[in-house]
Amino acid sequence: MFDTIISGGEIIDGTGAPSFVADVGIAGDRITALGDLTSATAINRIDASGLTVTPGFIDIHTHSDFTLLADGRADSQLCQGVTTEVIGQCGFSCAPLGRQAGGSQLFGYVDVGIPINWRSFGEYLEQLERARPAVNVAAFVGHGAIHSAIKENDSSPSTANEIDAMVRLAEEAFDEGAWGFSTGLEYWPGIAAPLEEIAALTTVTAKRNGLYSTHVRNRDVYYDLGFSEAIATARHTNAKLQISHIQPKFGAPAMAMQHTLEMLYRAGREGVDVAFDIIPHDWNHTSMVSVLPMWAREGGTTKTLERLKDPALRKRMKENPRPMWRLVTVGRWNDIVLLHSVANVDLIGMNFSDIAQLRGVDPFDAVLDLLTEEGEALPQMMWTSHSFNDNDICMCMREAKCMVMSDTLALSQRGPLKGLIGSLSGYGWTARLLGHYARERGIISLTEAVNRITVRPAERLGLVDRGRLRAGAFADVTVFNPKLVHDESTVLAPLSSPKGFIHVMVNGCFAVRDGVRNDVQSGHVLRH
Ligand SMILES: [Zn+2]
């Protein structure tokens with residue numbers, strides 16, 4: 001007797017093997033049989049003929065650390081078949097926190113009355129558990145959090161004693177369940193951290209058999225410096241390396257993607273354990289405040305806002321030689337679009353050429369004005385740009401070591417996060433992979449596409465009993481229509497849910513059934 005039988009679907013088990021037709025039997029939170037279950041009995045029998053049945057998708061790179069605390073429903077991910085998220089990426093994690101830390105320093109923070117009363121990584125995971133996330137969550141500890149917990153807002157170079165204290169915090173995070181360690185070397189404070197600090201922390205990661213994921217220092221004109229720093233760190237410290245969102249950005253030479261892959265495979269032949277992931281989208285996104293030079297951001301949001309009001313300092317801000325995006329440097333403002341703001345909701349979806357024209361100011365001044373108007377919500381302000389080259393994405397996607405991920409926030413439009421936008425991938429990244437890249441363009445096959453968001457990330461992380469559809473595994477299952485699956489989100493409608501997803505099960509419970517989101521939150525906080 002099964003709780004549920006999903007019968008007659010085309011099974012893609014996640015390994016990359018050819019699909020086959022079979023029934024999936026589920027009892028409790030596990031898949032207990034896979035085969036012909038015609039004569040078996042079940043409380044629920046679901047006809048999946050004509051549909052594709054896969055393991056629940058694993059998103060190996062998200063920034064849902066705070067949003068899942070604020071609202072565990074994760075509708076945006078469940079509506080596209082994601083059942084496990086890996087948070088704590090690009091150096092950002094919600095823990096550990098220093099004594100004086102507040103919410104506004106947390107990535108994706110929205111003031112919805114959540115008390116910031118945890119300090120250690122373990123306390124944060126317990127708080128996350130109380131929020132009952134609807135997806136499973138595996139958390140990394142971020143360099144930015146560790147560094148800031150020790151240094152607060154002090155921007156002087158870390159001393160040996162301070163690095164020792166950071167190492168102890170990393171060890172504690174691994175003791176308490178971290179799956180890996182991440183850096184964001186293009187962001188504060190990663191941008192200022194010496195090699196020795198990063199190496200000390202990746203050494204801990206290697207000893208604890210964690211994964212080291214890195215948002216490298218540069219992915220445009222100095223892309224080769226960015227990637228070789230990551231390789232050198234992994235080689236020197238024996239850490240397992242995951243290059244995050246590997247695609248080069250606007251401004252990189254045309255051969256950058258090919259060259260990068262050659263560098264990584266060469267390092268692989270020399271014994272460096274390296275893999276990578278990509279966002280299946282040619283639009284990039286980041287926090288808008290990253291356009292400012294580091295000196296303008298020292299001391300936190302209040303100080304930044306004061307400086308934004310000083311005409312002489314504004315002039316210096318506009319001369320920032322590294323405004324994160326080369327599109328800014330060369331003034332391609334029509335390729336940069338406002339994605340999230342609370343002070344200027346009416347401008348969302350407009351590009352900065354048009355915003356500047358509307359306001360009768362220079363585009364960079366429009367950027368600084370909007371940042372000023374955002375006030376204390378400044379760190380959450382997002383913009384998006386046409387920064388990635390689609391050929392690079394296709395080239396990468398075909399590679400054996402490539403995983404696909406969202407780089408976004410788990411959201412729900414039904415609760416306190418209503419209206420929040422994470423990125424253009426937020427509501428449709430898996431649909432874009434399966435529909436746009438696999439079915440419509442044939443860049444990779446459907447079985448390969450599923451493999452890149454199931455078995456590959458599971459094996460890379462060392463997740464046990466998830467990622468592969470087989471008897472004995474946890475019942476994380478996604479059922480979709482392979483002919484209809486389609487990303488509906490656009491710059492003007494980034495919150496549109498994708499088409500084609502029928503059922504999504506997390507630990508044996510239907511989070512989505514017959515295309516409708518149930519009020520079920522059955523995810524687990526996974527500990528390494
Ligand atoms: Zn990143």
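Bear in mind that the values here come from a model prediction, so they are computed numbers and not experimental data.

Novice: Any chance you could explain the coordination of the zinc ion here in plain terms?
Specialist: Each pair of donors in an ideal four-coordinate tetrahedral metal site encloses 109.5 degrees, whereas pairs in an ideal six-coordinate octahedral site enclose 90 or 180 degrees. Distances from the zinc ion to its protein donors, Cys90 (SG), His215 (ND1) and His245 (NE2), fall within 2.1 to 2.3 Å. Taken in chain order, the donor set of the zinc ion reads C-x124-H-x29-H. Here histidine 215 lies in strand E10 (residues 211–215) and cysteine 90 lies in the loop between strand E7 (82–87) and helix H3 (121–130), a separation of 125 residues in the sequence. Both residues of the pair, cysteine 90 and histidine 215, belong to the buried class.

Novice: Got a minute to help me understand the pattern of salt bridges in this structure?
Specialist: When the charged atoms of two side chains lie near each other, side chains of opposite charge can form a pair. Evaluation of the coordinates by the stated rule reveals 26 salt bridges. Between lysine 151 and glutamate 162 there is a salt bridge, with the nearest N and O atoms lying 3.0 Å from each other. Remark: glutamate 162 occurs in helix H5 (residues 160–175) and lysine 151 occurs in helix H4 (residues 143–151); sequence separation between them is 11 residues. Of the residues examined, glutamate 162 reaches a relative accessible area of 19% and is grouped as buried. For the salt bridge of aspartate 175 with arginine 208, the shortest nitrogen-to-oxygen distance reads 2.8 Å. Of the two residues, aspartate 175 sits in helix H5 while arginine 208 sits in the loop between helix H6 (195–207) and E10, which places them 33 residues apart along the sequence. Residue aspartate 175 is classed as exposed on the basis of its relative accessible area of 58%. Of the residues examined, arginine 208 reaches a relative accessible area of 30% and is grouped as partly exposed. Where salt bridges share partners, they join Arg314, Lys318, Asp362, Asp365 and Asp369 into one cluster.

Novice: What's the story with H5 in this structure? I'm lost.
Specialist: Helical periodicity: at 3.6 residues per turn, an α-helix aligns residues three or four positions apart in one direction. The terminal C-alpha atoms of H5, which comprises 16 residues, lie 23 Å apart, in line with the 22 Å expected from a rise of 1.5 Å per residue. Buried residues of H5: Glu162, Ile163, Ala165, Met166, Val167, Leu169, Ala170, Ala173 and Phe174, and no others. Structurally, H5 contributes buried residues whose contacts are with H3, strand E8 (136–142), H4, strand E9 (180–184) and H6. Looking one or two places after H5, you find glycine 177, whose phi comes out positive at around 120°.

Novice: Before we go on, may I ask you to explain the pairing of strand E11 (residues 240–243) in this structure?
Specialist: The side chains of a regular strand alternate between both faces of the sheet. Residues Lys240 and Gln242 line one face of E11 and the alternating positions Leu241 and Ile243 line the opposite face, and both faces are buried. Relative to E11, E10 runs parallel, the two sharing 4 bridges. When the sheet's bridge partners are listed, leucine 211 is paired in E11 with lysine 240. Assessed by its sense of winding, the connection that carries the chain from E10 through helix H7 (residues 223–237) to E11 is right-handed. For E11 and strand E12 (residues 274–278), the ladder comprises 3 bridges, and the chain directions are parallel. Within E12, the position partnered with glutamine 242 by the bridge is alanine 275.

Novice: Looking at this structure, I do not really get the nonpolar core. What am I missing?
Specialist: Within soluble globular proteins, side chains that are nonpolar tend to cluster in buried spots. In this structure, Phe66, Trp118, Tyr124, Ile243, Ile246 and Met397 are the most contacted members of the largest nonpolar core, which totals 113 residues. Shared between two domains, this core takes at least three residues from each, and those domains are domain 1 (2–55 + 471–519) and domain 2 (57–283 + 388–461). Excluding its chain neighbours within four sequence positions, the residues that come into contact with phenylalanine 66 are Cys94, Leu106, Phe107, Gly108, Tyr109, Val110, Ile114 and Ile116.

Novice: Looking at this structure, how should I read unusual backbone geometry?
Specialist: Outside of glycine, negative phi angles account for most residues, and trans bonds account for most peptide bonds. The omega torsion of the bond from alanine 95 to proline 96 falls at 0°, within 30 degrees of zero and hence cis. With respect to the helices, strands and loops of the structure, proline 96 is situated in the loop between E7 and H3. Cis peptide bonds are those with omega within 30 degrees of zero, and the linkage from tryptophan 188 to proline 189 qualifies with 0°. In this structure, proline 189 sits in the loop between E9 and H6. Even without a glycine there, the phi angle at aspartate 407 is positive, about 60°. Within the fold, aspartate 407 resides in the loop between strand E16 (402–404) and helix H16 (429–440).

Novice: Even after reading the chapter, I still don't get the domain arrangement of the protein, so can you show me in this structure?
Specialist: The figure often quoted for interface size is the accessible area lost as the parts come together. Structurally, the protein comprises domain 1 (2–55 + 471–519), domain 2 (57–283 + 388–461) and domain 3 (291–385). The centre of domain 1, based on its C-alpha atoms, is set 27 Å off from the matching centre of domain 2. On the domain 2 side, the residues contacting the 36 residues of domain 1 number 33 residues. A per-residue breakdown of the area domain 1 buries against domain 2 is headed by Asp487, Leu495 and Arg517, which together make up 21% of the total. Viewed at the interface, domain 2 and domain 1 are joined by 2 salt bridges. Across the pair arginine 517 and aspartate 75 runs a salt bridge whose closest N-O atoms are separated by 2.8 Å. Linking domain 1 to domain 2 there are 12 residue pairs in polar contact (both at pLDDT 80 or more). For the side of domain 1 that touches domain 2, the elements supplying multiple residues, two or more each, are strand E5 (52–55), strand E17 (477–480), strand E18 (501–506) and strand E19 (509–513). Among the elements that make up the side of domain 1 that touches domain 2, the one with the highest residue count is E18 (4 residues).

The rules behind each value
Residues numbered from 1 in each chain as written. Predicted model: local features only at pLDDT ≥ 70, side-chain atom pairs only at ≥ 80, totals over all residues. Heavy atoms only, no water. Donors = N, O, S within 2.8 Å, 3.2 Å for Na, K, Ca; no water. Helix = DSSP H or I, 4+ residues; strand = E, 2+ residues; numbered from the N terminus. Buried < 20%, exposed > 50% of the residue type's maximum accessible area, 1.4 Å probe, protein only. Salt bridge = Lys/Arg side-chain N within 4 Å of Asp/Glu carboxyl O. Expected span 1.5 Å × (residues − 1). Contact = heavy atoms within 4.5 Å. Pairing = 2+ DSSP bridges. Right-handed = clockwise from strand over helix to strand, strands pointing away. Core = buried A, V, L, I, M, F, W, Y, C linked by side-chain atoms within 4.5 Å. Domains from an automatic or database assignment. Buried area = accessible area lost by both parts, 1.4 Å probe. Polar contact = N/O pair within 3.5 Å; in protein donor to acceptor, adjacent residues only side chain to side chain.

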